[in-house]
Amino acid sequence: MKRREFLRVGIGALASLPIGACIQLTPGESSETPRAPRSKRKRARVDYKTAQKTSSVCLNCSTVCGIVGYVVDGELRKVAGNPLDPNTAGTLCAKGQSGPTIASYADRLLYPLRRVGQRGEGLWKRITWEEALEELAQKIGASRAAGHPERVAIHVGRSRINDVITRFLNSIGSPVLLNHRALCSLNKRAANYATIGDQDWETVDAERTKYLLNFGANFYEAHQGAIHFLRRVVRGRFDNGAKLVTFDVRLSNTAGRSDEWHAPLPGSEGAVALALGHVILRENLHDAAFLARWCNVSIEELRAFYAPYTPEWAAEKSGLEAATLERLAREFAGCKPRCAAFTNRGSQAHYNGFGNDRAVVMLNALVGSLGQEGGYCWISGEVSATKFPPPEPVPAAPKVRTDLEDPPEYPLANHWQKMRVGQIVYAYLQERRAKLDVYLSYTLASPLTWPEGRSRTVDVLKDEELIPFHACSDVVYSETAHYADLLLPDATYTERWGLDGRNSYELQPYVLLRQPMTPPPGEARSFAEVLIQVGKRLGPEVAKFFDFADHEAFVRAQCAKVPAGRYASGFDRLKAEGAWVESEKPKAYATFERALKPDELEGSTADPATGIVRKKNSKGVEEAIGLVVDGVARAGFKTPSRRFEVFSEIVKRAAAKVGVEDDGFPRYVSIPAHEAMTADRLHLVTFKWNVHTQGRTAPQKYLTEIVHSNPLWIHPSAAEPRGIRTGDAVELTTFRPLGQTYQATGEELGKAVVRAFVTEGIHPRVVALSNSLGNDFGGRIARGRNGPREEHAGLGDGEDDPDLAGGIWWDRARGGAGAGFNINAILPIQPTPVTGMQAWYDTVCTLRRV
């Protein structure tokens, strides 16, 4: 077929596109003559009391709140919070309220497509699902037949179907499940594992607390568990008189609503935490009984460790006043044990972020607030295979490894859980450190959300030698979809199945059921269903692991142990109510003090020197299960010593393995890129607004109408010498970091022209720009461009959405602000030592007015 014979129209033409016909999908404008949008019929007022109500789970961010959908005439019209979700109690944020706009988005992918032009050219042919599934099975089967199942990789954004994805990969023998955890929260999670050993995310008992020290968490806007945590912080402050102190380089919504906001130099949060600990020990404000009972080093060792970290030393590192640090330490310790210190991106996204976050967690140990009412608590939010067993048989995990999912330079990335180092995946493929045959991407907008996404990421995605075959499952024609060979239209979270949950702020385990509120439109199909159907086609050795009808059957089997209550089964209970809370269990306070039961102790032995209780697990491997304290075998912490670990042998050995100097204590380490900064350079950080989540939310019209542009925040003291005023165009230039772990050359990386926002709400040496915007793909809303669309089967009456055809008032072509700038494009890949977290906030830049 000649190029001129291809249809050059918008994505809406897919509904009328016959099987085998071709289409071009590109970021350019449609070649059709624009026409005036048609008026959408007015909807009658809905009585939601008569609507069909279905409970499910939101997935517009990682908080996964229980929701109830209201369906009228087959259309999802409204989403509200599920009052049975113990975390939200029926509340829901703006992102959650936006749920219906995803399902009805006029620019959704609805049909499988196969690439027919050059990769990235945007030329596609509509195919059947039978053809798509057969092609997937053939490509994957060929890798297995060649003895290289590890050359099949699945790369996910935020899936929440890892149970099915892992089952599929294990069944074919591949370990290569790639994720984005190192771009998000690896250091925070690793810090919790290294110290308390139990969970990767704390559950601060905020409504019962008296004092909160917040290091870089913006939970009033964007934080895992934000609405859960926020509600309880508000109750704690107004009902309990709690004080909130925030350390953040920017006056975030959280900082602005705090009792005190302090703006330290980026990456100095660990120095602040260590100085607070110094004062607490120096003035004997610590909980001596707790430390003697549960800490893995003596009080003398603690004092020696903290001795160099004086408030004066921290003042020099952070720019904060020594007297302020002393006062905050006294106030915090004065509220023990009803106090908590916690972190998020602001402290962890640095070269020294792992140590920063360990130092913050240690403050809770010093004052004895670990596991205490009003303190720093934790509880699992995992949908475990023990409690929610998948269908039998279950495939074993493969023993093979590759550098892609297990990079040896970062030994702690996968030590506690498989967090991987996602930002180096494309670089390692480019460097031939791993080979792929099949690359399956799922809801992953990596050219938008990855550092160097528009350069290195796109280069690799376009390279058919590095990625011979790429199948992409997504709801929209995303940044990643454009560089695929096969497009698989995905179901939204309102149209598919799954079990979900997070750590419960009521400190009692619970689970939520995600179920379809409406069927997927067109031929959209959830990625879980795709994997199940492909698994059935890969021969009897693989198909035996998929001997169930579909994803619903898989989830039904997982619910076998859920009490039925007044329903026919546990599955039916969850379908009706949406949530199950194990309310008979006590709240998870001081779980380390729990005495082990006789059946737990059966066959165990206790080391007389250390008191550690060990027992062989189901695989015959001896492991620590508790600690003898005061003559009683107790659960203890889930660390190797079964105590709270200030010193970590795991960290020490891992660091030595890769030649990093680390004695196992969370000592403060300066950031090389910051140490090398000259006076003309500034720190560049990014942030998230309350209505956006990475690349997931830009196609949702009401959210993007609220926030669609991202000016550069700059302090007056930095703006005035450069002649910059609010609204001015400024050229932002970024550089590769000096002295850090990857390509530390100091050379220029990229440039961008953005608008300035001059404000005192930011540190004088810091500039900030929000992420999530600057889409090249994702439809008209994501790109901020008005235009017509052909008839589309995704809308019930076949009409276009006039809001997209002519109502995008921020369209730059109409004098609007446009759809923002993708800052990640000019941020360098910067894995942190030993752990591999992306050091987003170590970027340095220059500015000039243009």
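The structure under discussion appears in the preceding block.
Note that the structure is a prediction, hence the values are computed from the model and not measured.

Cut-offs used in this document
- Residues numbered from 1 in each chain as written.
- Predicted model: local features only at pLDDT ≥ 70, side-chain atom pairs only at ≥ 80, totals over all residues.
- Heavy atoms only, no water.
- Salt bridge = Lys/Arg side-chain N within 4 Å of Asp/Glu carboxyl O.
- Helix = DSSP H or I, 4+ residues; strand = E, 2+ residues; numbered from the N terminus.
- Buried < 20%, exposed > 50% of the residue type's maximum accessible area, 1.4 Å probe, protein only.
- Contact = heavy atoms within 4.5 Å.
- Core = buried A, V, L, I, M, F, W, Y, C linked by side-chain atoms within 4.5 Å.
- Pairing = 2+ DSSP bridges.

A.B. asks: Could you clarify how one ought to interpret the pattern of salt bridges in this entry?
C.D. replies: Two side chains of opposite charge can pair, provided their charged atoms sit close to one another. All told, the structure shown has 59 salt bridges when counted by the stated rule. Here Arg 653 and Glu 649 are joined by a salt bridge, their closest N and O atoms 3.0 Å apart. Within this pair, Arg 653 and its partner Glu 649 are both found in helix α23 (residues 649–657), separated by 4 residues, close to a single helical turn. Exposure remark for Arg 653: the relative accessible area of 60% places this residue in the exposed category. Since its relative accessible area comes to 32%, Glu 649 is described here as partly exposed. Across the pair Lys 751 and Glu 748 runs a salt bridge whose closest N-O atoms are separated by 3.8 Å. On the accessibility criterion, Lys 751 (43% relative accessible area) is partly exposed.

A.B. asks: Honestly, the environment of Ala 564 in this entry has me stumped. Any pointers?
C.D. replies: Among the secondary structure elements, Ala 564 is positioned in the loop between α20 (551–558) and α21 (570–577). Of the residues examined, Ala 564 reaches a relative accessible area of 23% and is grouped as partly exposed. As a C-alpha pair, Ala 564 and Asp 259 span 305 residues in sequence and 46 Å in three-dimensional space. When near neighbours in sequence (up to four residues on either side) are disregarded, Ala 564 contacts Ser 569, Gly 570 and Arg 573.

A.B. asks: Just checking my understanding: could you explain the nonpolar core for this structure?
C.D. replies: The tendency in soluble globular proteins is for nonpolar side chains to be buried side by side. By size, the foremost hydrophobic cluster in this structure holds 70 residues, and its most contacted members are Leu 404, Leu 684, Leu 712, Ile 714, Val 767 and Leu 847. In terms of residue count, helix α15 (residues 425–430) provides more of this core than any other element does, 5 residues in total. When sequence neighbours within four positions are dropped, the list of residues in contact with Leu 404 reads Val 176, Leu 178, Val 425, Tyr 428, Leu 429, Ala 434 and Leu 436.

A.B. asks: Would you mind showing me how to read the sheet that holds strand β24 (residues 632–634) here?
C.D. replies: To summarise the sheet geometry, strands pair through backbone hydrogen bonds and adopt either a parallel or an antiparallel arrangement. Spatial strand order, β21-β22-β23-β24: 4 strands in an open sheet with antiparallel pairing. Of all strands in the sheet, those bounded by a partner on one side alone are β21 (605–606) and β24. Where strand β22 (residues 612–616) meets strand β23 (residues 622–629), 5 bridges bridge the pair, whose relative direction is antiparallel. Bridging from a neighbouring strand, Lys 616 pairs with Glu 622 of β23.

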